[in-house]
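What follows is the residue order along each chain.
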There are 2 protein chains.
Amino acid sequence: MGASKSDYFSAEQNEMAQLMKALGHPARIAIVEHLVKINSCVCTDIVNEIPLSQPTISQHLKELKNAKIIKGTIEGNSICYCLNHETLTKIESYIKQIIKTDQEKKSCC
Amino acid sequence: MGASKSDYFSAEQNEMAQLMKALGHPARIAIVEHLVKINSCVCTDIVNEIPLSQPTISQHLKELKNAKIIKGTIEGNSICYCLNHETLTKIESYIKQIIKTDQEKKSCC
DNA sequence: TTATTATATTGCAATATTACGATATATTAT
DNA sequence: ATAATATATCGTAATATTGCAATATAATAA
């Protein structure tokens, strides 16, 4: 096959997997880190910073935007991409909750 | 193409992307959640819990194990899979750091 | 030993992702 | 209007992922 059977899983599980997947590529991790590093956040900067072609970066940005990990606002000629704190916090809370719940049990490994 | 150009990115970026990618599938999210929910953590339980075939689940477990998100110890006939707190904490700290660093700057979106 | 149970591996088909050249679109500058 | 700049989309090739049937492996049970 190749298509993941998302019907078999809950909406929450699919959503979290999608968020993780969006961050599951070094270029997209690098984009997120670059957005953190700089104050201005137009796409050209990213193209110059990351050694991938403009269409490829545009595609990665689109995936991050779809996952709501970043948000972009058109600013004249260029686009201002920024991190979406709400989504990042959702990821952090999820992982934190997993760790916390698991720590309450006696581990067997 | 199709192969991600991991040479272009730092070891840290590749590592974090790999961790995220390992969690980037609903079946693997479901496996992690199931490991949290139950105390005993053999694979058979997972096969009964998640509507995918045994080989498919075995494959997903392998990916989680490769990423060190879970660890398994052989226990007689079966295997005891548990979460790896160290790795999960690494993910949590990373996201937390991103949010923290970004909040220190004035957002432009 | 033979059967049973639990898990892993192999092989393969279907689908998805990654990357980029070419091209389109849209805004600003001249 | 024309050129320049910034970003998106299309088309396509290369590679990766997903899923499973069949089979292998390994431990325990009978």
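Draft legend 1. Structural view of the overall build of chain A. From N to C terminus, chain A includes five helices and two strands. Secondary structure elements of chain A, listed N to C terminal, follow the sequence α-α-α-α-β-β-α. The C-alpha atoms of chain A give 17 Å as radius of gyration, which overshoots the globular expectation for 109 residues (13 Å, by more than 25%). Dimensions of chain A, computed from the C-alpha atoms along their principal axes, are close to 55 × 35 × 25 Å. For chain A, with 109 residues in total, the buried portion stands at 43%. Counting contacts in chain A only where the partners sit at least 6 residues apart, residues at least 24 apart contribute 46% of the total. For chain A, the exposed area adds up to about 6,000 Å²; of that, 49% sits on carbon and sulfur atoms.

Draft legend 2. Spatial organisation of the relation of the copies chain A and chain B. Of the two same-sequence chains, chain A is brought onto chain B (RMSD 0.0 Å, axial shift 0.0 Å) by a rotation of 180 degrees. The superposition of one copy onto the other is thereby described by a two-fold rotation axis. When the interface residues of chain A are mapped onto chain B, 100% of them again fall at the interface, so both copies present the same face.

Draft legend 3. Here's a closer look at the environment of B:Cys80. Residues and elements named next belong to chain B. Mapped onto the fold, cysteine 80 is located in strand E2 (residues 78-83). The exposure class of cysteine 80 is buried, given its relative accessible area of 3%. Sequence separation between cysteine 80 and valine 42 is 38 residues, and the spatial gap between their C-alpha atoms is 4.7 Å.

Draft legend 4. Highlighting the pattern of salt bridges. All names here are of chain A. Enumeration according to the criterion identifies six salt bridges over all chains in this entry. Notably, a salt bridge pairs glutamate 15 with lysine 90, separated by 2.9 Å at the nearest N-O pair. Here glutamate 15, found in helix H1 (residues 11-22), pairs with lysine 90, found in helix H5 (residues 85-103); they are 75 residues apart in sequence, far enough to count as distant. The partly exposed category is assigned to glutamate 15, whose relative accessible area is 36%. Under the relative-accessibility criterion, lysine 90 is labelled partly exposed at 41%.

Draft legend 5. Representation of the interface of chain A and chain B in the model. Chain A puts 52 residues into the contact, and the matching count from chain B is 52 residues. Where chain A abuts chain B, roughly 4,500 Å² becomes buried across the two surfaces, and 70% of that area is made up of carbon and sulfur atoms. Our count for the contact surface shared by chain A and chain B stands at zero salt bridges. The interface formed by chain A and chain B holds six residue pairs in polar contact (both at pLDDT 80 or more) in total. If one sorts the elements of the side of chain A that touches chain B by residue count, H5(A) sits on top with 13 residues. Partitioning the side of chain A that touches chain B into residue classes produces 30 nonpolar, 12 polar and 10 charged.

Quick notes on the rules
- Residues numbered from 1 in each chain as written.
- Chains lettered and ligands numbered in written order.
- Predicted model: local features only at pLDDT ≥ 70, side-chain atom pairs only at ≥ 80, totals over all residues.
- Heavy atoms only, no water.
- Helix = DSSP H or I, 4+ residues; strand = E, 2+ residues; numbered from the N terminus.
- Rg over C-alpha atoms; globule rule 2.2 N^0.38 Å.
- Buried < 20%, exposed > 50% of the residue type's maximum accessible area, 1.4 Å probe, protein only.
- Contact = heavy atoms within 4.5 Å.
- Areas by Shrake-Rupley, 256 points an atom, 1.4 Å probe, with all protein chains shown as cover.
- Least-squares fit on C-alpha atoms with pLDDT ≥ 70 in both.
- Salt bridge = Lys/Arg side-chain N within 4 Å of Asp/Glu carboxyl O.
- Buried area = accessible area lost by both parts, 1.4 Å probe.
- Polar contact = N/O pair within 3.5 Å; in protein donor to acceptor, adjacent residues only side chain to side chain.
- Nonpolar A, V, L, I, M, F, W, Y, C, P; charged D, E, K, R; others polar.

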